[in-house]
Amino acid sequence: DWVDFILFFHRIIDRFEMTKNLNVTFERYLPDEAMFVEIDQDKITQVLDNIISNALKYSPEGGTITFHVKENNGFIEISVSDQGLGIPKENLEKIFERFYRVDKARSRQMGGTGLGLAIAKEMISAHGGGVWATSVDGKGTTITFTLPYDSAQEDDWS
Ligand code: ATP
Ligand code: MG
């Protein structure tokens, strides 16, 4: 379906903001104008649910989760950043493998199966986008993904 990604993303963030019980602040840096993309809404909802759940799971008390959306070279680029313990450089690519979890003992305590990001990667690839992680060990993690976006399309909608 064709959807305004900005409205779609705000609604998902709203849902997390209403139900979160941690002392975590959400900051949104989203464009004011609509950005239409062709996506499977259920699948991209699942992708964002996992990325945001992870960010909450690893956020410290009083931390901030930051949401960014921007256009970049024929893609829309979406990122979610937290201020949690981060991911060591050598594990940054492995977290997208099935069942991979950094520090098994710690992760088991946190709950989950280690499938979330592997599924997210598959779904994003099926949409023609990519996903990656950056992290400063001990200071936080950013998960970024892209979806094809044609800005010329906007003229047809206005
Ligand atoms: P599931 O999503 O299946 O419930 P999970 O959250 O452990 O389980 P993934 O979402 O695939 O699995 O994440 C894989 C691993 O990557 C996690 O177990 C964790 O070790 C690491 N990870 C993911 N997101 C973050 C984050 N924001 N901060 C720190 N580590 C993270
Ligand atoms: Mg997860």
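What counts as what
Residues numbered from 1 in each chain as written. Chains lettered and ligands numbered in written order. Predicted model: local features only at pLDDT ≥ 70, side-chain atom pairs only at ≥ 80, totals over all residues. Helix = DSSP H or I, 4+ residues; strand = E, 2+ residues; numbered from the N terminus. Buried ≥ 20, exposed ≤ 12 C-beta atoms within 10 Å, placed from the backbone. Contact = placed C-beta atoms within 7 Å. Near = placed C-beta within 6 Å. Nonpolar A, V, L, I, M, F, W, Y, C, P; charged D, E, K, R; others polar. Core = buried A, V, L, I, M, F, W, Y, C linked by C-beta atoms within 7 Å. Pairing = 2+ DSSP bridges. Axes fitted to C-alpha atoms, helices over the stretch in contact; angles between N-to-C directions.

An unreviewed UniProt entry lists the protein under the name histidine kinase, with Rossellomorea oryzaecorticis as the source organism.

What to know about the overall build of the protein
Counting secondary structure elements, the protein contains 5 helices and 7 strands. From first element to last, N terminus to C terminus, the protein shows the α and β order β-α-β-β-α-β-β-α-α-β-β-α. Projected onto its principal axes, the C-alpha coordinates of the protein cover approximately 50 × 30 × 25 Å. Split into buried and exposed, the 158 residues of the protein put 26% on the buried side. Put simply, of all contacts in the protein between residues at least 6 apart along the chain, 67% involve residues at least 24 apart.

So, the site of ligand 1
Around ligand 1 sit 20 residues in total, of which Arg 101, Val 102, Gly 112, Gly 116 and Leu 117 are the nearest. For the shell around ligand 1, the elements supplying multiple residues, two or more each, are helix 2 (41–57) and helix 4 (116–126). A class-by-class count of the residues in the shell around ligand 1 yields 9 nonpolar, 9 polar and 2 charged.

Concerning the nonpolar core
Counting residues in each nonpolar core, the largest one holds 29 residues, and the members touching the most others are Val 37, Val 47, Ile 51, Ala 55, Ile 76 and Val 80. For this core, the secondary-structure elements that each account for two or more residues are helix 1 (5–19), helix 2, strand 4 (64–72), strand 5 (75–82), helix 4 and strand 7 (140–148). It is helix 2 that contributes the most residues to this core, 7 residues altogether. With residues near it in sequence (within four places) discarded, Val 47 still touches Ala 120, Met 123 and Ile 124.

Re the pairing of strand 7
The sheet contact formed by strand 5 and strand 7 spans 8 bridges and is antiparallel. Residue pairing across strands places Ser 81 opposite Thr 142, the latter belonging to strand 7. Between strand 6 (residues 131–136) and strand 7, which pair antiparallel and follow one another directly, the connecting turn spans 3 residues, one of which, Gly 138, has a positive phi of 85 degrees.

Some thoughts on unusual backbone geometry
Even without being a glycine, Asn 73 presents a positive backbone phi close to 55 degrees. Residue position: Asn 73 is located in the loop between strand 4 and strand 5. Even without being a glycine, Phe 99 presents a positive backbone phi close to 70 degrees. Its location among the elements puts Phe 99 in the loop between strand 5 and helix 3 (104–110). Taking the C-beta count within 10 Å as the criterion, Phe 99 has 8 such neighbours and is therefore assigned exposed.

Quick word on the sheet that holds strand 4
Here we have 5 strands laid out as an open sheet, ordered 2-4-5-7-6, and mixed in their pairing. The open sheet terminates on both sides in strands that have one partner only, identified here as strand 2 (25–29) and strand 6. Taken pair by pair, the neighbouring strands of this sheet meet at an average axis angle of 15 degrees, ignoring direction.

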